[in-house]
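Report on the structure
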Amino acid sequence: MRKFTIIGLTIASGFLLASCGTTSGALHPVMVNGRYGYIDHSGKLAIAGQFDKAGEFADGMAPVSMGGKWGYIDHSGKLVITPQYDLADPFSDGLALVGNAGTLGYIKKNGQFAVNPTYTGAGSFGDNLAPVLVNNRWGYIDTAGAMKIMPQFDEANSFSEGMAAVRMGNQNGYIDKSGKLVINPQFAVAGDFHDGRAVVRSANGYGYVDKKGAFVIQPQFNAAGDFNDGLALVAVGRQFGFIRKDGKFAINPQFDKAGAFQDGLAPVWLGGREGYINKDGKYVWNPTA
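None of the values given here were measured: they were computed from a predicted structure.

Analysis parameters
- For every chain, the first residue of the written sequence is number 1, and numbering continues from 1 onward in sequence order.
- This being a predicted model, a pLDDT of at least 70 is required before a residue's local features are given, and a value of 80 or more before pairs of side-chain atoms are given or counted; all residues contribute to the totals for chains, interfaces and linings.
- Heavy atoms throughout the structure, all of them, feed into the side-chain values; hydrogens and water do not.
- For two strands to pair, DSSP has to find at least two bridges joining them.
- Runs of E in the DSSP output that reach at least two residues are strands. Runs of H or I that reach at least four are helices, and both are numbered from the N terminus.
- Between rings of Phe, Tyr and Trp, where Trp is taken as its six-membered ring, a pair exists when centres lie within 6.5 Å; planes separated by under 30 degrees are stacked, by over 60 edge-to-face, and by other angles tilted.
- Think of it as a cone above the ring: NZ of Lys or CZ of Arg counts as a charge over the ring if it is within 6 Å of the ring centre and within 35 degrees of the ring normal.
- We call a set of buried residues a nonpolar core when its members are Ala, Val, Leu, Ile, Met, Phe, Trp, Tyr or Cys and they connect through side-chain atoms within 4.5 Å of each other.
- Each residue is assigned to one of three classes by its accessible area relative to the maximum for its type, calculated with a 1.4 Å probe on protein chains only: buried under 20%, partly exposed between the two thresholds, exposed over 50%.
- Should any heavy atoms of two residues lie within 4.5 Å, those residues are considered in contact.
- Two N or O atoms form a polar contact when they lie within 3.5 Å of each other; inside protein one atom must be a possible hydrogen donor and the other a possible acceptor, and for residues adjacent in sequence the pair counts only when both atoms belong to side chains.
- For this analysis, a salt bridge means a side-chain nitrogen from Lys or Arg found within 4 Å of a carboxyl oxygen belonging to Asp or Glu.
- One number per residue, pLDDT, summarises how confident the predictor is, and it ranges from 0 to 100.

**Description of the sheet that holds strand 8 (residues 62-66)**
Within the open sheet, the four strands sit side by side as 7-8-9-10. Their pairing is antiparallel. In this open sheet, the two strands that pair with only one neighbour each are strand 7 (53-54) and strand 10 (79-85). Relative to strand 9 (residues 69-73), strand 8 is paired through five bridges, and the arrangement is antiparallel. Bridge assignment links Met66 to a residue of strand 9, and that residue is Lys69.

Written out as structure tokens, the structure reads:
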């Protein structure tokens, strides 16, 4: 659901927890002696700490920052696209969102542009469509850059499971790939569908709806994120934990901060230190600064 604008990273308003459900590959970024490297699923260091910043792997590549510019590495840690961008997103549908000098476009895995950098706001591809900002309205393009859903929304998320959250006025609803509203705008905040559920915010807090817009997990959380790997990150008060699709806790709230599960691991923070846990809630990488 992540989007970039020329003023930085933009996430749907409110306290919806950022999630990226498109990543794959069991390597995860960690800080080692002040630099970022990657661990494997067992918690073993697979790529030594050498980057200023690092993102998740997707389609066999991950964005990394060196000297203030972003490029991409492969699973061996080799740079396959030289750092040259002001910002960069993981690959999705074979393309990655990148930006320089206030304009955004999409590159292929060989580093060549598939969609030239002409946008001041854009989001990642999902279901072969991506949200883009044109004249202060959001629409959707295909992987060739052709406009498929005309700009008309105040805000728009990436597609997932054939639906995308859009904002019209102060309320969020969902459209299908034809651009038709399938869930009328009614939520203060809306996330992406994963496993047939999407996180939304109502007056009573955050809960989850099905593809008809009916609540399947009642609003009750102070913050919440999309389902990934069958679990969703939620907050109760100031503590973070993870729930299953039935709304029951798989990992009780106990962390100061946490991220979504990817490939069986999730980053968590305690006292400003980051670690990784598995789906049993056990550490595979103990919290470090």
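Still to come is the rest of the account.
**Observations concerning the packing of aromatic side chains**
Inspection of the entire model under this criterion finds nine aromatic pairs. Look at Tyr38 and Phe57: their rings are 5.0 Å apart centre to centre, the planes differ by 70 degrees, and that puts the pair in the edge-to-face class. With Tyr38 in strand 5 (residues 35-40) and Phe57 in the loop between strand 7 and strand 8, this pair connects stretches of sequence that are 19 residues apart. The ring of Trp269 carries the charged tip of Lys257 above its face, separated from the ring centre by 4.5 Å.

**Thoughts on the pairing of strand 10**
Note that strand 9 and strand 10 share three bridges and pair antiparallel. Counted as the bridge partner of Tyr72 is Ile81 from strand 10.

**With respect to the nonpolar core**
Counting 13 residues, the largest nonpolar core has Phe242, Phe255, Phe261 and Ile277 as its most contacted members. At the level of elements, strand 28 (231-236), strand 29 (239-243), strand 30 (249-255) and strand 32 (265-270) are the ones that each hand at least two residues to this core. Here this core takes three residues from strand 28, the largest share from any one element. Setting aside chain neighbours within four positions, we find Phe261 in contact with Asn228, Asp229, Leu231, Phe242, Ile251, Ala266, Ile277, Asn278 and Lys279. If you look at the next biggest cluster of nonpolar residues, it comprises twelve residues, including Leu97, Tyr106, Ala122 and Ala130.

**What about the environment of Met31?**
Counting through the fold element by element, Met31 comes out in strand 4 (residues 27-32). Met31 gets classed as partly exposed once you look at its relative accessible area, which sits at 25%. When the C-alpha atoms of Met31 and Ser160 are compared, they prove to be 30 Å apart, with 129 residues separating the residues in sequence.

**Section: the sheet that holds strand 33 (residues 273-278)**
The strands making up a sheet are joined through hydrogen bonds of the backbone, oriented either antiparallel or parallel. Strand order across the open sheet formed by four strands is 31-32-33-34, with antiparallel pairing between neighbours. At either margin of the open sheet sits one strand with a lone partner, and together these are strand 31 (257-258) and strand 34 (283-288). As defined by bridge partners, strand 33 adjoins strand 34 across three bridges and the pair is classed as antiparallel. Paired with Glu274 across the bridge in strand 34 is Thr288.

**What to know about the side chain of Ser160**
The topology assignment puts Ser160 in the loop between strand 19 (155-156) and strand 20 (163-168). A distance of 2.5 Å separates a polar atom in the side chain of Ser160 from the backbone oxygen of Phe193. Beyond its immediate sequence surroundings of up to four residues, Ser160 is in contact with Asp127, Asp192, Phe193 and His194.

**Points about the pattern of salt bridges**
The final tally for this structure, using the stated rule, is seven salt bridges. Of the charged contacts, one joins Lys211 and Glu161 as a salt bridge, the two residues approaching to 3.5 Å between their closest N and O atoms. On the criterion of sequence distance, the pair formed by Lys211 in the loop between strand 25 (205-209) and strand 26 (215-221) and Glu161 in the loop between strand 19 and strand 20 is long-range, its members being 50 residues apart. Judged by relative accessible area, which is 35%, Lys211 ranks as partly exposed.

**Points about the confidence of the model for the protein**
Per-residue confidence for the protein gives a mean pLDDT of 92; residues scoring 70 or more make up 91%. Counting interchain partners and residues more than four positions distant, the pLDDT-below-50 stretch residues 5-14 has 24 contacts. Contacts for the low-pLDDT stretch residues 20-24, under 50 throughout, to residues beyond four places or in other chains number 16 contacts.

**Focus: the pairing of strand 6 (residues 45-51)**
When a strand is regular, its side chains alternate between the sheet's two faces. Across three bridges, strand 5 lies against strand 6 in antiparallel orientation. Paired with Tyr36 across the bridge in strand 6 is Phe51. Taking the residues between adjacent antiparallel strands as the criterion, strand 5 and strand 6 are bridged by four residues, where Gly43 takes a positive phi near 95 degrees.

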